[in-house]
Amino acid sequence: MDRLYEFYRRRLQYTDMTLVREFETAVSWDARLVGIKGARGCGKTTLILQHIKKTFQNNLDVALYVSLDNLYFANNPLLEFVDTFVKHGGTHIFLDEVHKYPDWAVAIKNLYDEFPMLHIVFTGSSLLELERGKADLSRRALMYELPGLSFREYLEIETKMSFPAFSITDLLDKHGQIAQEIVSHIKPFMYFSDYLKIGYYPYYLEGVGDYSMRLEETVLVILEQELPMLRGIEPAYIPKIKQLLSIIAQSAPFVPNITKLSERIGINRQTFITYLTYLEQANLIRLLYRSTTGIGLLQKPDKIFLDNTNLMYTLGYNNPSMGTVRETFLASQLSQVSTVTFSPQSDFLVDGTYTIEVGGKKKSRRQLQGIEDAYIASDDIEFGFGRKIPLWLFGFLY
């Protein structure tokens, strides 16, 4: 147990506080039970260590960080460990990688019930589900999902400058003023192409040279470990899911022919759609529907994207076309703050109100004529005009 405390203090010592994401201030840390899930590599561990360092710097003994994939917990029950921590004055415990612990939801529910004065924060895979039989945490836990870095956050890291995030309505209505202010400080196109390739997952800071290899390893862990563990998929079916992801990576974004694709992979239609849902829950792909009402495991998506542009460059094998990169970037940024659905007239319908078409700097509004609240997200321009908005500016939504 002493080694876990030593590991905790060492991790805190080397936790960089240069950039603390604004997500940290959005979490209600005072709640008794807080869950943070997200894709592997999006920065969950760093987030909670930064919070501990910032909040408990004058009394580190009342807080403790442990990762539940530590070998210590193979032979030592979590309940006994926490009991000792509480008896020594602990009030806040931070449990990382909870999905690696057997019956994790039951274990956390027991902690919640046994120690009413203890504040518990847990993190885990984006595949975590709270409603699992008797260990229903949905009524107890405040849940958050941490996305990868926005273009705005990437700029803050690279330039050491601070930039505000903007609501979708402010960005659409005041984009000229907003772009003018940003461009007076930095040149966004000095950084935009790098962000599209290596800027979404914070571990790019550990080395750009092996970034693609690390991202591939992240994808393999999700497919080979997390899907079987958290969705009960038999290992024998994992090659088919890999094949499915490979097809998507080389084709996305595209309108799927579910029947032909399922036949190509050798699975039935219902299983195919279920696998698509799992890949989206794992933050590997993004599914667009004509409407968000009544979406279920049997409803086929109208369009399929990879989750972010970094995955396109890593998994797509060939250099993707800029048209597909632009669409994927916009879907990735918009989906963190808005409801994005498929639009038969253009690329996206946002919050059921705004129609947005993506294109290069010469993109015209011809196909948007007669559509109210219609906008062009245009690449290769620093400033927009009227309802033509710089594409990069949508990276300032969060």
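Our structure's up above, just so we're on the same page.
Here is what the cut-offs are and how they apply
- Residues numbered from 1 in each chain as written.
- Predicted model: local features only at pLDDT ≥ 70, side-chain atom pairs only at ≥ 80, totals over all residues.
- Heavy atoms only, no water.
- Phe/Tyr/Trp six-rings, centres within 6.5 Å; stacked < 30°, edge-to-face > 60°.
- Helix = DSSP H or I, 4+ residues; strand = E, 2+ residues; numbered from the N terminus.
- Buried < 20%, exposed > 50% of the residue type's maximum accessible area, 1.4 Å probe, protein only.
- 1 Å grid on protein atoms, 1.4 Å probe; cavity = no way out; pocket = protein on both sides within 12 Å on 5 of 7 lines; lining within 4 Å.
- Points joined across faces, edges and corners; volume = space filled by probe spheres on them.
- Pairing = 2+ DSSP bridges.
- Axes fitted to C-alpha atoms, helices over the stretch in contact; angles between N-to-C directions.
- Contact = heavy atoms within 4.5 Å.

Side note on the packing of aromatic side chains
Thought 1: Inspection of the entire model under this criterion finds 23 aromatic pairs.
Thought 2: Considering the side-chain rings of Tyr154 and Tyr195, the 5.5 Å spacing of their centres and the 55° angle between planes classify their relative orientation as tilted. Separated by 41 residues along the polypeptide, Tyr154 in helix H6 (residues 151-159) and Tyr195 in helix H8 (residues 192-198) bring together distant segments of the chain. The same class applies to Tyr154 as to Tyr195, namely buried.
Thought 3: Every member of this aromatic cluster is reached through a ring pair, and the members are Phe151, Tyr154, Phe163, Phe189, Phe192, Tyr195, Tyr204, Phe329, Trp392 and Phe396.

Some details on the layout of surface pockets
Gaps between atoms show up when a probe of the same size as a water molecule is rolled over them.
Thought 1: Empty space within the largest pocket amounts to approximately 1100 Å³.
Thought 2: Lining the largest pocket are 40 residues, with Gly43, Thr46, Pro202, Tyr203 and Glu206 positioned closest to its centre.
Thought 3: Sorting the residues of the lining of the largest pocket by element identifies helix H1 (2-13), helix H3 (44-55), strand S4 (119-125), H6 and helix H9 (211-231) as the ones contributing at least two each.
Thought 4: Counting residues per element, the lining of the largest pocket draws most heavily on H3, at six residues.

Considerations on unusual backbone geometry
Thought 1: The omega torsion across Ala252 and Pro253 is -5°, close enough to zero to call that bond cis.
Thought 2: Its place among the elements puts Pro253 in the loop between helix H10 (238-251) and helix H11 (258-265).
Thought 3: At Glu97, a residue that is not glycine, the phi angle is positive and equals roughly 55°.
Thought 4: As for its placement among the helices and strands, Glu97 is situated in the loop between strand S3 (92-96) and helix H5 (104-114).
Thought 5: The phi dihedral of Asp380 is positive, around 65°, even though this residue is not glycine.
Thought 6: Mapped onto the elements, Asp380 comes out in the loop between strand S11 (374-378) and strand S12 (388-390).
Thought 7: Using a relative accessible area of 44% as the deciding quantity, one classes Asp380 as partly exposed.

Details of the sheet that holds strand S8 (residues 340-342)
Thought 1: The sheet built from five strands is open, its strands ordered S8-S9-S10-S11-S12 with mixed pairing. Both outer strands of the open sheet, S8 and S12, are each paired with one neighbouring strand and no more. The sheet shows a mean angle of 35° between the axes of neighbouring strands, taken without regard to direction.
Thought 2: Contacting strand S10 (354-359), S11 and S12, helix H7 (residues 168-183) crosses the sheet at an angle of about 110° to S12.
Thought 3: Contacts from helix H14 (residues 322-334) reach S8, strand S9 (348-350), S10 and S11 within the one sheet, and its direction differs from that of S10 by about 145°.

Description of the sheet that holds strand S2 (residues 63-67)
Thought 1: Strands sit in the order S2-S3-S4-S1-S5 across an open sheet of five strands; the sheet is parallel. For this open sheet the edge positions go to S2 and strand S5 (142-146), each flanked by a neighbour on one side alone. Here the average twist between neighbouring strands, direction ignored, is 15°.
Thought 2: By the bridge criterion, five bridges tie S2 to S3 in an arrangement that is parallel.

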